[in-house]
Every structure is written in C-alpha cells, then in structure tokens.
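Structural overview
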Amino acid sequence: MLCARRLGGLRAGLRAGLWARRVSTTWSPVGAAFNVQPQGRRLDLYGERGGLFGVPELSAPEGFRIAQETALRKADELVERVCSVPPGPQTVAIFDELSDSLCRVADLADFVKLAHPEAAFREAADEACRSIGTAVERLNTNVELHQSLQKLLADKKLVDSLDPETRRVAELFMFDFEISGIHLDKEKRKRAVDLNVKILDLSSTFLMGTNFPNKIEKRLLPEHVWQHFEPAGDHVVVDSLHAEAPDDLVREAAYKVFLYPDAGQLQCLEELLSNRDLLAQLVGYPTYAHRALQGTIAGNPETVMQFLEKLSDKLSERTTKEFEMMRGMKMKLNPQNSELMPWDPPYYSGVIRAERYNIEPSLYCPFFSLGACMDGLSVLFHRLLGISLQAEQPVRGEVWCEDVRKLAVVHESEGLLGYIYCDFFQRADKPHQDCHFTVRGGRLKADGDYQLPVVVLMLNLPCPSRNLPTLLTPGMMENLFHEMGHAMHSMLGRTRYQHVTGTRCPTDFAEVPSILMEYFANDYRVVHQFARHYQTGQVLPRSMVSRLCESKKLCAAADMQLQVFYAALDQVYHGQHPLGRSTTDILRDTQEKFYGLPYVPNTAWQLRFSHLVGYGAKYYSYLVSRAVASLVWRECFLQDPFNRAAGERYRREMLAHGGGKEPMLMVQGLLQKCPSTDDFVDALVSDLDLDFETFVMDSE
C-alpha cells in the first residue's frame, strides 16, 4: 500500500513536471488539483471499494434500499422517543435528529438521481427520494408527534427558557405541521398527504418535460436552417432555443419549435398549479403563494407584486431604450426584417457589447484557468474569513466519476469545517445546470461532536486535456464564484440544528451569499490576485477587466425586465384560483404588461419554466437576493474587498445563522437598518447606473 501511494505521488509529480515545462506560472496545491488531470486512482483497483460520499452501504445501487430502510426504522424509534419524553429543549433536539436521519438519505439521493452516470444508481436514488418524501408527508400529519411539540410551545415558561435558535427551530417544525394540515380532521389530513404525494409526482413529471426536445419535419424549414439542428430521419430535433445563433431564421425556428405547446405538459402544469392551490386552501391559506412566502423576507405575495411593479416602473424607460438599441442593430444587420422579437435580445445585446467594448470571451479564457480561479477563491476566503481550500484524494467508490475533486474546508483556528465535492466537468447525460446540493447538513450531535456538512457543486465546464487546462469564460468564472458562495454558506452556517443549517433558509435569503460572490468576481482588486495567463503567467490587464465590467451594464435593464416578467408570471400562476384563463393566455397578458416584446402565437414558454417546480411562487427571490447582496457589498466590501473585519462581521451576522434566525433580522443586523421595498428597488437600479468596480479602479 505504501509503495502504491508513493507511485501515485510520483506519477502526479511527473505530470506536474510536464506542465512546469510548458507553464511558466506556479499553482498552489488546490490550483494544481484542478489544472491537471486526476492521476493515481487506478492504482487502488484492488483495494476495498467504499461507498458514495463515504457511506458504506452505497457501494452499489441496492444500498439505497438498505439506507432508506435504516433511516425509516430510526425515524420510527425517534418518533416513539420524542412522544414519550417530557417537553423541553430535548424535544427540539430529537425532532432535529429525526429530520437529520431522513435528510441524510433524501438529500444524498436527490443529487445522485440527477448526476450519477449509472442508470441503476439514478433509479435506486429516485425510489429512495419518493419513499422518504412520502414518509415525511405522513410524519407531518402525525397527530401524536405534533402534540409532543405542541406541549412544548404551549408552555410559555418553557418557551421563554429556550434560546432563540432552539425556539425558532421549534416554530419551524410546527410550521411544517401546520402547512401540512395537522389541524384538520382525519379525513382532511389524509387528503393533504395525498395532495402532497400527487404534487411530488406532478412536479417530477413536469420537470422532465421541460427538457424534452421537439421535432419538426425538415421539409418545413429552409435547408440552411434545418442543418443547424440534429437530424432524425425526415425530421430534425430542436433541444434548445439556440439563442446565440447569428442567423435570425435559426433563432426564430428554434424558438417556435422548442416552445411549441405539448398537450401532456400543458395538462401537467395545470394540474400541478391546481393541486397546489387545493392544498393551500385545505390547510387554511387563500393561495399557494401565501403558503409559500410565509417566513420569507417578502412575507406575502402582495409585497412581492408591489416590489415587482415598482421595479418594472423604474426599469421601463431604460428597457425601452435598450430595445431600441437592439432594434437598430437588427436593422443594420438584417434590414429586411427589423422588428425585435423575443428570440432576438440575447443575440443582439451580445453583438452590441462586442462591438462597443470588444469583449471576446476567448481573449479572457487563457487568464481564467480553473486552477487559477480556485486559487483566487482560496486566497479570497483566507483573507476575508481565515479559510483555506485543501484538495484531498477520495477513496475508491467515494465519488461517482473519476474527475470529481474533493476539497476540505479548513479554518485557521477552528480546523476542519466540512467537505465540498466538485463535479465540474461535462459528461454524457449530466444535467446542464450549475447548482449546489446539500448532501449532509451540519449539526451539533448529542456527544458534543459537530457533524460536518458535505455539499456538491455541479458545473458543466470543458474537461482538461494533457496539453490544456480547463479555461473558463468570464461567465463561467462568475458562475463558479456564485456556486462557491452557496458552499461557503453551508460550511459556515454552523448551527446547532441540521434543520436550519447553511442554505436551509428562506429562498429569498438563500441566494444572497452566492450573488454577493459575483460582486467579488467582478472587482479588479480580487481578479488581479489570480487571473494570470496559464502559459506566460501574465496578469490580466486592468483595462480588460474594466471593459468587461462596463459591458455588463449594457442591456442589463432589459435582462432584469425579463426576470421581472418571469417572477410576475410565477406569482399570477400561484395566485387566486381558478385562474379563469389558460396558462398560455396568462403568459401572453403578463408578457405584454411586464416585458414589452410581443407574445408569439402557438408558443408556450411556461412549459419550459423549470423553476416553477423548485421555486414555485418564489422566483422573485433572485431579484430580492440581488438587492440585498448589493446593499451588503456597498456597506461592507466596496471600499476593501479583502477587509477581514468586514468578512468576520458578515460571517457573524449572516452566514453563521443559516436559517436559524429570521432573514430580515440578519439583514438588519449587518446593514444596521431595515431596508424597505424602495431600498431594494433603488439598489437594483443603481447597479445599472454605476459599475462599482470600474468606479473604484478609475478613482485610484
């Protein structure tokens, strides 16, 4: 074993030596881990195979059944225990242990069912998700379990003796009971469980349908157009909007074919929205939106719509001017058809940016090797928070693909905080989305040890080769920083209870740490620390960063207006039922009110709106989170993005609490004021006016 380990190190060293001869820059260990292909794992072929994420049962797909049965048995034991102990802080601790025993299987399975390259693992994980999900819905309508918590919360003296975090967690568990209809009679409780199960099934079906490609006969398209799509006999397959295609006809065809209504998907969406409304009304809410927004920064759908309408009004004049600019560019390039259509803005805004600022992503990519970017993140976290990222070698079977990297997150005085698995590279059948998964939440265990959080960051970056590291576009680099913001929230939200660990907080707060990281990714003072040419070591010139930052303001109002439209559509769909019109009619009317470009007949964009599943009634969260992040940036980091005192304050007031404190109280604690709806709107609009990074650079 010792020899094998030495040989693995030697081979990695030889590979690093090959890079050293080609590359005149040096990488930290974490940078090197991402700028070379993984080596040495094949030497462990004859060793004992471990399980996914170090879970012994998960060395094979069948292990999911074992894991879920073990979790369900433990859940039964914990239910029996919590119902027999006198009310007190231990009640909340047992509830959290119950939550943890189920989440440790469900959360892990939720990732595996999407990302594992083997179908057998995906199917087993999907079955585990369904099984645990059904069990959770039944627990949320378990009268005896509810009564054990109610006894605690009904005793004012006991409640007053609880610390704020324990009290909040107890109230959150009670909220879960209430929104599941625990206060209803037996027949209605069963109806609530049935509705929840049906909603889960409809959500899964709808989500799969959002990605299904459409087909069209070749003969219906000009040859030069259908050649851009994948052929399938006499048809071509259209699997996306092809929004960046230079040919207007290609974009138009893709838009009309990809968004052509599918009757089954349309029925699925209508049933999903209807069942959500039935459930909300059954448990005492006027609409599903009222149920979904309980406990959020916004609080209720009326506040959300007020925010969206005020923001839309502030954006309207800017958006109109930007659409005119795009229309002018279209007329310049295509005089025969200059009407601006919904398939045009992504392409023409890109053309305008490129023409005005000479922004060519390929010029930036050599400075943003993946290893350099990981170096930059590690430096930033160390200077702000005293944290370093350290690459570790997974054991055989621990990861689902050999190019997954494992990072230990280590604090300079507190030691190991948790693990991040980096599933960064493209592969067949991998979902095309950048996202963060909690695999195991942090919590304080009964023996005094802390259960370390484990998360996965999933990106879709090009794979490195023998001669070339993975090179990121500026957009990819920003996405990496964004997702790492979620990971740090998970690592630093060291709550006592798993139920509120890390990103387990209201949705309109959960995106704040990740969006805040985008501000760091666009600040030259930060970028200067890591952006260097992978071959020459040259630092990315300040002028290139300045142009990039300025270019992002161009047509940004139109981009934000589109997000307002999506958020408003989401609110209407989850508002008063019956809707009175088809979801397509609502789409058309909402698009006319909140966007400005015409609806295209015989299209149904809402059937591709995958966020309706995970962000139902909460799509607005991206905008509110961006507003909060903007306020935090200005308050804490605009003057010095490496300010350690500001970093520690940010950790103390926001990150450390996870979801264990009301979100607005965390915002107020950091900003020393309670921001209003107008403050949020003004923050978003002022970001369009002033590029903070460029302002700082030009003033130095």
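- Looking at an unreviewed UniProt entry, one finds the protein named Mitochondrial intermediate peptidase and attributed to Vicugna pacos.
- In its Subcellular location (unreviewed entry) section, the UniProt record describing the protein reads: "Mitochondrion".
- Looking at the protein in UniProt, the text filed under Sequence similarities (unreviewed entry) is "Belongs to the peptidase M3 family."

**Side note on the overall build of the protein**
- Within the protein, the regular secondary structure consists of 30 helices and 10 strands.
- Relative to the compact-globule value of 27 Å for 700 residues, the protein shows a C-alpha radius of gyration of 26 Å, a close match.
- Expressed as lengths along the three principal axes of its C-alpha atoms, the size of the protein is roughly 75 × 70 × 60 Å.
- Looking at the 700 residues of the protein, the share that counts as buried comes to 56%.
- For the protein, the exposed surface amounts to about 30,100 Å²; the carbon and sulfur share of it is 52%.
- One way to put it: in the protein the 77 positive side-chain charges average out to a point 4 Å from where the 91 negative ones average out.

**Overview of empty space enclosed by the protein**
- Enumeration according to the criterion identifies 2 cavities of 30 Å³ or more in this entry.
- A volume near 110 Å³ is recorded for the largest cavity.
- Surrounding the largest cavity, Leu 380, Phe 381, Leu 384, Leu 385, Gly 485, Met 488, Pro 513, Leu 516, Met 517, Phe 520, Tyr 650 and Leu 655 form its lining.
- Residue composition of the lining of the largest cavity, by class: 11 nonpolar, 1 polar and no charged.
- In this model, the second largest cavity occupies a volume close to 40 Å³.
- Around the second largest cavity, the lining residues are Phe 368, Met 477, Ala 521, Asn 522, Val 527, Leu 540, Val 545, Leu 548 and Cys 549.
- Among the elements that line the lining of the second largest cavity, the one with the most residues is helix α22 (residues 542-553), at 3 residues.
- Among the residues making up the lining of the second largest cavity, the classes are represented as 8 nonpolar, 1 polar and no charged.

**Quick look at the pairing of strand β1 (residues 214-217)**
- Only one face of β1 is buried: it carries Asn 214 and Ile 216, and the other face, with Lys 215 and Glu 217, is open.
- Pairing of β1 with strand β3 (residues 235-238) involves 4 bridges; the strand directions are antiparallel. Its bridge partner lying in β3, Glu 217 is registered against His 235.

**Structural notes on the confidence of the model for the protein**
- For the protein, per-residue confidence averages 91 on the pLDDT scale, and residues scoring 70 or more make up 93% of the total.
- The model gives residues 1-24 a pLDDT under 50, and that stretch makes 25 contacts with residues more than four places away or in other chains.
- Across residues 692-700 the pLDDT falls below 50, and counting only partners more than four positions away or on other chains, this stretch makes 22 contacts in the model.

**A short note on the UniProt feature "domain: Peptidase M3A/M3B catalytic" (unreviewed entry) in the protein**
- The UniProt record annotates "domain: Peptidase M3A/M3B catalytic" (unreviewed entry) at residues 242-684.
- Across residues 242-684 one finds 52% helix and 9% strand; the C-alpha atoms that close the span lie 29 Å apart.

**Topic: the packing of helix α4 (residues 89-115) against helix α5 (residues 119-139)**
- Interhelical geometry of α4 versus α5 gives an angle of 145 degrees and a closest axis separation of 8 Å. For the crossing formed where α4 meets α5, the hand is left-handed. Counted together, Leu 98, Leu 102, Val 105, Ala 106, Ala 109, Asp 110, Val 112, Lys 113 and Leu 114 of α4 and Phe 121, Arg 122, Ala 125, Asp 126, Ala 128, Cys 129, Ile 132, Val 136 and Leu 139 of α5 form the full contact between these two elements.
- Classifying every residue of the contact of α4 with α5 by side-chain character gives 14 nonpolar, no polar and 4 charged.

Conventions we followed
Residues numbered from 1 in each chain as written. Predicted model: local features only at pLDDT ≥ 70, side-chain atom pairs only at ≥ 80, totals over all residues. Heavy atoms only, no water. UniProt positions renumbered as here; feature names shortened; annotations may be inferred. Helix = DSSP H or I, 4+ residues; strand = E, 2+ residues; numbered from the N terminus. Rg over C-alpha atoms; globule rule 2.2 N^0.38 Å. Buried < 20%, exposed > 50% of the residue type's maximum accessible area, 1.4 Å probe, protein only. Areas by Shrake-Rupley, 256 points an atom, 1.4 Å probe, with all protein chains shown as cover. Lys, Arg positive; Asp, Glu negative; His and termini not counted. Charge placed at Lys NZ, Arg CZ, Asp CG, Glu CD. 1 Å grid on protein atoms, 1.4 Å probe; cavity = no way out; pocket = protein on both sides within 12 Å on 5 of 7 lines; lining within 4 Å. Points joined across faces, edges and corners; volume = space filled by probe spheres on them. Nonpolar A, V, L, I, M, F, W, Y, C, P; charged D, E, K, R; others polar. Pairing = 2+ DSSP bridges. pLDDT = per-residue confidence, 0-100. Contact = heavy atoms within 4.5 Å. Axes fitted to C-alpha atoms, helices over the stretch in contact; angles between N-to-C directions. Left-handed = near helix turned anticlockwise from the far one by under 90°.

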